[in-house]
Structure formats: C-alpha cells, structure tokens
Amino acid sequence: MSSPDNRIKSQGNGRSAIFDLFEVQVERTPDAIALVQEDHHVTYDQLNRYANQLAWYLRKNRVGEESRIALCLPRSIHAVIGLLGILKTGASYVPLDPESPGHRRSFILEETQVEWLITQESELHRLQECSCHIMCLDRDPQDRANQPSENLSIKIPPGSPAYIMYTSGSTGRPKGVLGHHDGVRNYFEYLHEVYDLNGTDVVLQVAPLTFDASLRDCIGPLTFGAKVLLLDQKQRQDPVVMLGRIREQQVTCLLSLSPSRLNALVEAGTEQEGPFDSLRLILVSGEAFYRSLAQRTQKLFGHQVVLVNQYGPSECTMTSTYFQIAHEMPEKEIISIGSPIARSQILILDSALQATPALIAGEIYLSGPGLTWGYLGHPDMTADQFRPNALSRDPGSRMYKTGDLAKYGSDGSLYFLGRADRQVKINGVRIELGEIEAVLMGCQSIAKCAVVAREPKKNLVAYERTSAGAESGTPQLRLLAYFVSNGKISYSNIRQFLKAYLPSYMMPHELIQMDHLPLNQNEKVDLQALADPKSVR
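Attention in this report is confined to the structure presented alongside it.

1. Side note on the packing of aromatic side chains
Piece 1. Tallied over the full model, the rule gives 13 aromatic pairs.
Piece 2. Between Tyr-190 and Tyr-322, the ring centres sit 5.1 Å apart and the planes meet at 55 degrees, which makes this aromatic pair tilted. Of the two residues, Tyr-190 sits in helix H6 (residues 181-195) while Tyr-322 sits in strand E14 (residues 321-325), which places them 132 residues apart along the sequence. In this pair, the class of Tyr-190 matches that of Tyr-322, namely buried.
Piece 3. Aromatic ring contacts, followed pair by pair, group Tyr-187, Tyr-190, Tyr-195 and Tyr-322 into a single cluster.

Here it is, written out as structure tokens:
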C-alpha cells in the first residue's frame, strides 16, 4: 500500500482531475526527471511549465471545458506536453495516429468537430483535410513562451469528459468512446493502492497514445513521481530494442502489454544477454493470458516479477478486473481474470440477465466509476450497450454489456472465454473457440495459438459430412488451429494431446504451424490476417 502522503485521492480538496493529480506530484518532486526520450529529458517542473504555457495560450484563444482538441503527434515529449496542456484547459483531447489512413483521420475530425489540432510541421502534409485551427508545437514557440507558466485555476465538475478515443466498430466505422476524469482517477487509485507505484519506479511507455492504455503507462506514472521512458513507433515494435531499454535504464514496470506483445518480448529475450532483473511488475491485458507464457516470462525476467492479468474494455476505462501471479503459479493453463478493482463490479449473466451458475458461460457486464459516457453521436448504440443496472439498489447505476464471455470455474475463479461473436455452431453443436485455444496452449512447446472457424469454400475443402455420415447439404465450418512453437513438436503429438482434453466435435480439422501470428493495431492476434492453410504449407 502507498503511504498516506503519496495517495492520489482528492481527499475533499477539489483537486480530482487528471491534471490536478499531476500538479500535486509536481509540488512534491519538481526536480525529478519525468520523461526521457533518447538523450532528451524534462523534469516534472519543466513538463508542468511547458504544459501550462500551452494551456494558457489555448484558453486565451477561447478553448474551454466544452472544447475538443485533436492531438496528432508522433510518440514524443512534445506529445505528452500537448496532452497535458489540453487537459489543463478543461477541454477533451482527441488523439490521432499520424500513420493512420487519411480517411480515418478525416472521419474522426468531422465527427468530433474539434476546434484546434495540435501537431508539428512535419505532419502538416497528412492533415490537409483539417478545417480547424492548427498549432505546430515546433513552429513559432515564442507565442507560447510569452504565456504564464504557473498552473491555471480551473476546477472542472465531477464526471467531466477528458478524452474521445476511437475503437473499431461492428458497422465498419470507428466509434468514439467518451472517457471522463473520474474513471481515470479511479484507475490511478487502483494502481497506487495495489502496486505501491512510486518515485523509484522507471516505466517503459509502450501503448499508442490513441488507446486508453497510454493513460496507464504514460500519465498514470506521472501522478506518483516515476520516470517514464518514451520509445518512438519503430522502437516500440522492436522487442530487442525494448529489452535493451529495460536492461540499460533499469526499467521496473511494464504497465501496458498484450500477451502477444509479451510473448514476442520473451522470445527475443531468450537470445539476448541479460540480466533483466530490474523488473518488478508486468501488467497484461487485451487477450487471454496463459500459464505457459507466465512461466516463460518469470524464467526470463526473474521470479521477483509480479505478473498481473487485467481485463477491461475501453468503454470501462482501461481495467475492470485483475489477477496477480506472484510466487505461486496457477494450476490451470488459462489464467483467471480475477476480481474487480476497487469500487467496481462484474456480473456474469445469461440472455435473461440472470446470474449464471459455476461452469456455465455467460456474458460479462461491468459496473462502477470506470464506465465511460458511451459513444459520441450514437445515442441508440450507447443506450443498448450502457444499460440501467437492474441488480443494483442505486437508481443511477449503469452496467456495460461487453459482448465477452466468461465463467466461474469449480475453484471459484473467473475465466475469460473470448468474444461472444467467436462462438460458432458446427453440426448444431455450440463451440467456444477460446476454449480450444486454452487447451492447445497447455501443450508443451506451444508458444502462441489462434483458432478460427472458416467455411470450406474459403479453404478449398469439400463439404463436411455430418456425424451420421450423410451430406449436410450446406458447407460446415472447419476449425483451423494456427500455432507458433518454441521447440520441436509433431502434429501427431499435438493431436494426441488435444484428444485427451477435447471432445471429437471440438477437434481442429487442421493444424497450421507459423513463424509468428500477425498482430493488429491493438497488438492482439489479427484473426482476419491469418493465411489460408494452402498458402502456409
């Protein structure tokens, strides 16, 4: 637990916005190093002053609590200054990826109706579609240098919006999630209370600024005095570079890794010269986390590392549940998603919104202060996904329908099963693809896997026969299991292993070995990019 004087709760002083938490830390450790990128660094006091000057400039140009400001910068110290400066005005920030397709940037700018866009001169050629005011942080710096450098006296109401971040939408168009200061503060309190993060920590910042996870490993550490190391886009995608930074800079915390990214790090680490024993905490989220990867992680980084499996969609502000692995490794191959963070609630419900018994899968519903305000410009979608919490006595309580499946095991632990839309039927039998993946990950030498169901036409395979042996008349889905091995392994051994745990109707029709599994922008396995079997054999 953190000491009482290093807690970030507002304690009734009215300073509960994200920028308030940072400013309180600046008062404590003004001369400590806040950000490092290559040979450049800024102290907490310098970072605060630069952000204040930007905020004063924006306020004098009529930016206020109702404003939305876009931020389109590569990963850099300037980007963090821009983010903090926007928040200090009371406005919401809208992060844009400079490398994203132009039509996506145009869509976001049009939907959010931002008043200003903060960028740098080298990015202007990407932003010709922008009709708002544009500020380049590397051009005409004197305009900001002439502004006051002290904190602005702005108090924002509870629940005020902080950001709009875009996630993929089922309609093919991205949807903007409206996050607020209260949800972020609640998560930061969880970080402090559970992990005792403090000024001795060094955090490697790896999450893209367009994802809420960047608040966790960039802004969060700045509220408890840590040093944040920034990597550019190319560096963050290179596990060898990341390992070098961990070793050279004595990194103590990795706060935003997907299991796929962690797996790449561990694989690269087996060929790199250590030690990497400065690490004490690794938080993973975004995909199912397996014991085999956890074991290899502790073997590389040391058993002093606390591994934490977190679960929570962007609609619920970074994380809703967590499960710690310290000295004792769980017995099951798939690792539990644990219990809710403080002040939050998780419900596993059936289609009638009734709690499911142990061993029966249900949909995850989440409740608590982390729930965002929904989707910008989509009231119907917001009403469908963010519902009144009928199981709460609080008349204002809401719950978020995640579309994810989970179940309580016989041991009472909660296990993530995957997306509800990854549930398929073959010959009338319902199959959870995540369950097959969990069993496959228990097979020795399997480092990573993904199971998909595809129609035979797509895979040049004839119609399947039903269990009775007659033609079904329609193409039956085929189960394809893609895997990456970290050692010698035979297809026959894999099948023998699977037969010991899976019924025949859940057995993969094909096993496809790959050098690596493709990742999407969220650093999760890109199921759509998996090659057809004919092209990988």
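2. Notes on the pairing of strand E11 (residues 253-257)
Piece 1. In terms of burial, E11 is largely enclosed, as five of its five residues are buried.
Piece 2. The pairing of E11 with strand E12 (residues 281-284) spans three bridges and is parallel. Bridging across to E12, Leu-257 finds its partner in Val-284.
Piece 3. Handedness of the crossover is the feature at issue here: the chain leaves E11, passes through helix H10 (residues 259-269), returns alongside E12, and the resulting connection is right-handed.

3. What to know about the nonpolar core
Piece 1. Counting 65 residues, the largest nonpolar core has Leu-47, Phe-188, Ile-219 and Leu-222 as the members making the most contacts within it.
Piece 2. Among the elements that make up this core, the one with the highest residue count is helix H3 (residues 77-88) (eight residues).
Piece 3. Apart from residues no more than four positions distant in its own chain, Leu-47 is found in contact with Phe-22, Ala-34, Leu-35, Val-42, Val-80, Ile-81, Leu-84 and Leu-222.

4. Side note on the sheet that holds strand E23 (residues 446-454)
Piece 1. Read across the open sheet, the three strands follow the order E23-E24-E25; overall the sheet is mixed. Two strands close off the open sheet at either side, each with one partner strand: E23 and strand E25 (510-513). Sheet twist, expressed as the average angle between the axes of neighbouring strands with direction ignored, equals 25 degrees.
Piece 2. Bridging between strand E24 (residues 478-485) and E25 involves four bridges; their strand directions are parallel. In the sheet register, Phe-483 faces E25, and the bridge partner there is Gln-513.
Piece 3. This element, helix H14 (residues 491-499), spans E23, E24 and E25 of the sheet and lies at about 130 degrees to E25.

5. Focus: the state of the cysteines
Piece 1. One pass over the full model with this rule turns up zero disulfides.
Piece 2. Here Cys-72 stays unpaired: no disulfide links it, and the sulfur of Cys-130, its closest cysteine neighbor, is 9.2 Å away.
Piece 3. Exposure remark for Cys-72: the relative accessible area of 0% places this residue in the buried category.

6. Some details on empty space enclosed by the protein
Piece 1. Inspection of the entire model under this criterion finds three cavities of 30 Å³ or more.
Piece 2. Cys-316, Thr-319, Ser-320, Ser-344 and Gly-370 are the residues nearest the centre of the largest cavity, which is lined by 14 residues in total.
Piece 3. Listing elements by their share of the lining of the largest cavity, those giving two or more residues are H6 and strand E17 (362-367).
Piece 4. The element contributing the most residues to the lining of the largest cavity is H6, with three residues.
Piece 5. Residue composition of the lining of the largest cavity, by class: five nonpolar, nine polar and no charged.
Piece 6. When its volume is computed, the second largest cavity comes out at roughly 50 Å³.
Piece 7. The wall of the second largest cavity is formed by Tyr-163, Met-165, Tyr-166, Thr-167, Val-177, Thr-210, Phe-211, Asp-212 and Ser-314.
Piece 8. Its residues assigned to classes, the lining of the second largest cavity shows five nonpolar, three polar and one charged.

7. Some words on the packing of helix H1 (residues 18-28) against H3
Piece 1. Remark: H1 packs on H3, axes separated minimally by 8 Å, with the N-to-C direction vectors making an angle of 115 degrees. Considering the angle they form, H1 stands roughly perpendicular to H3. You can see that H1 and H3 cross each other, and the crossing is left-handed. Taken together, the residues of H3 that come into contact with H1 (itself represented by Ile-18, Phe-19, Phe-22 and Glu-23) are Leu-84, Leu-87 and Lys-88.
Piece 2. Partitioning the contact of H1 with H3 into residue classes produces five nonpolar, no polar and two charged.

8. Details of the packing of H10 against helix H11 (residues 291-301)
Piece 1. Interhelical geometry of H10 versus H11 gives an angle of 45 degrees and a closest axis separation of 10 Å. Relative to H11, H10 is oriented oblique. As for how H10 packs across H11, the hand of that crossing is left-handed. Along the contact surface, H10 presents Pro-259, Leu-262, Asn-263, Leu-265, Val-266, Glu-267 and Gly-269, while H11 presents Leu-293, Arg-296, Thr-297, Leu-300 and Phe-301.
Piece 2. Of the residues that constitute the contact of H10 with H11, the class distribution is seven nonpolar, three polar and two charged.

9. Focus on H6
Piece 1. Taking 1.5 Å of rise per residue, 15 residues should cover 21 Å, and H6 covers 21 Å from first to last C-alpha, within 8% of that figure.
Piece 2. Among the 15 residues of H6, 14 are classified as buried, and the element is accordingly described as predominantly covered.

10. Things to note about the side chain of Thr-319
Piece 1. On the secondary structure map, Thr-319 appears in the loop between strand E13 (306-311) and E14.
Piece 2. Reaching out from Thr-319, the side chain makes a polar contact with the side chain of Arg-216 at a distance of 3.1 Å.
Piece 3. For Thr-319, the side chain forms a polar contact with the side chain of Gln-310, separated by 3.2 Å.
Piece 4. Sequence-distant contacts of Thr-319, that is, excluding residues within four places in its chain, are made with Tyr-187, Arg-216, Gln-310, Tyr-311, Gly-312 and Ile-341.

About the cut-offs
Residues numbered from 1 in each chain as written. Predicted model: local features only at pLDDT ≥ 70, side-chain atom pairs only at ≥ 80, totals over all residues. Heavy atoms only, no water. Phe/Tyr/Trp six-rings, centres within 6.5 Å; stacked < 30°, edge-to-face > 60°. Helix = DSSP H or I, 4+ residues; strand = E, 2+ residues; numbered from the N terminus. Buried < 20%, exposed > 50% of the residue type's maximum accessible area, 1.4 Å probe, protein only. Pairing = 2+ DSSP bridges. Right-handed = clockwise from strand over helix to strand, strands pointing away. Core = buried A, V, L, I, M, F, W, Y, C linked by side-chain atoms within 4.5 Å. Contact = heavy atoms within 4.5 Å. Axes fitted to C-alpha atoms, helices over the stretch in contact; angles between N-to-C directions. Disulfide = S-S within 2.5 Å. 1 Å grid on protein atoms, 1.4 Å probe; cavity = no way out; pocket = protein on both sides within 12 Å on 5 of 7 lines; lining within 4 Å. Points joined across faces, edges and corners; volume = space filled by probe spheres on them. Nonpolar A, V, L, I, M, F, W, Y, C, P; charged D, E, K, R; others polar. Parallel < 35°, antiparallel > 145°, perpendicular 65-115°, else oblique. Left-handed = near helix turned anticlockwise from the far one by under 90°. Expected span 1.5 Å × (residues − 1). Polar contact = N/O pair within 3.5 Å; in protein donor to acceptor, adjacent residues only side chain to side chain.

Read these as spatial facts, not as claims about activity.
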